[in-house]
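Next come the chains, spelled out residue by residue.
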Amino acid sequence: MHTPQTIVIIGLGDTCKGIANGLSNGNDRVLLCDEKYETAKSLANGLQEAYPYFDVEAINCSYEAVWEGDVIILALPCTLHQEVAEKIRAVANQKVVVTTHASLDALQQLLPNSKLVQAFDKVDPGAFYLPPSQRHSVDCTVTGNDQEAVKAVSSLVKTIGFNPVAHSNIEMA
């Protein structure tokens, strides 16, 4: 049985919209956060209208959103990671943080006490809008240093409808 989580998505690009849309099939609570609060609110309202049982809302403060979140998805360009990391560092400790860009090492330096995972970076944003029956053929690589975090993100990838291809980069001492 799946225990519902709070998923925070920071950023409102195509990948964020696709992930949020895909999570509408699950039982998790989703918080959408962006500097443009009205845009986040509009997206949340549209998703709520399309999927009445979807627990989604906009929140205007990334610190508050991450404080509530179990999994944080940074669906924004690498150039904004440092700014966001500075805001959330204190409340992202021991939480799963997902980057949708190839910047795992740099992000680990910014959030040293978070469980970092890279996912969705090689998924075409249009794949999020494929019919669910076709999404399962889309592979989504999930990489990270924490096996449990990789497993948790792989589960989210499955909820969205993609085929998770998990890799743990656990270094041997």
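Here the structure is shown first, and the text comes after it.
Q: It is not clear to me how the overall build of the protein should be interpreted in this structure. Could you clarify?
A: The helix and strand inventory of the protein stands at 7 helices and 8 strands. Radius of gyration (C-alpha) of the protein: 15 Å, near the 16 Å computed for a compact globule of 173 residues. Each of the three principal axes of the protein carries a C-alpha extent, and together these read 50 × 35 × 30 Å. With 173 residues in all, the protein has 47% of them scored as buried. In the protein, 59% of the contacts between residues at least 6 apart in sequence involve partners at least 24 apart. Charge centroids of the protein, computed over 12 positive and 20 negative side chains, lie 2 Å from each other.

Q: Whenever I open this one, the pattern of salt bridges confuses me. Can you help?
A: Side chains that differ in sign of charge can pair as their charged atoms come close. Considering all chains together, one arrives at 3 salt bridges under this definition. Between Glu-83 and Lys-87 there is a salt bridge, with its nearest N and O atoms 3.7 Å apart. Here Lys-87 and Glu-83 lie together in helix 4 (residues 81-88), a separation of 4 residues that amounts to about one turn. Taking the relative accessible area as the measure of exposure, Lys-87 reaches 40% and is therefore partly exposed. Within this structure, Arg-29, Glu-57 and Glu-68 form a network of salt bridges that share partners.

About the cut-offs
- Residues numbered from 1 in each chain as written.
- Predicted model: local features only at pLDDT ≥ 70, side-chain atom pairs only at ≥ 80, totals over all residues.
- Heavy atoms only, no water.
- Helix = DSSP H or I, 4+ residues; strand = E, 2+ residues; numbered from the N terminus.
- Rg over C-alpha atoms; globule rule 2.2 N^0.38 Å.
- Buried < 20%, exposed > 50% of the residue type's maximum accessible area, 1.4 Å probe, protein only.
- Contact = heavy atoms within 4.5 Å.
- Lys, Arg positive; Asp, Glu negative; His and termini not counted.
- Charge placed at Lys NZ, Arg CZ, Asp CG, Glu CD.
- Salt bridge = Lys/Arg side-chain N within 4 Å of Asp/Glu carboxyl O.

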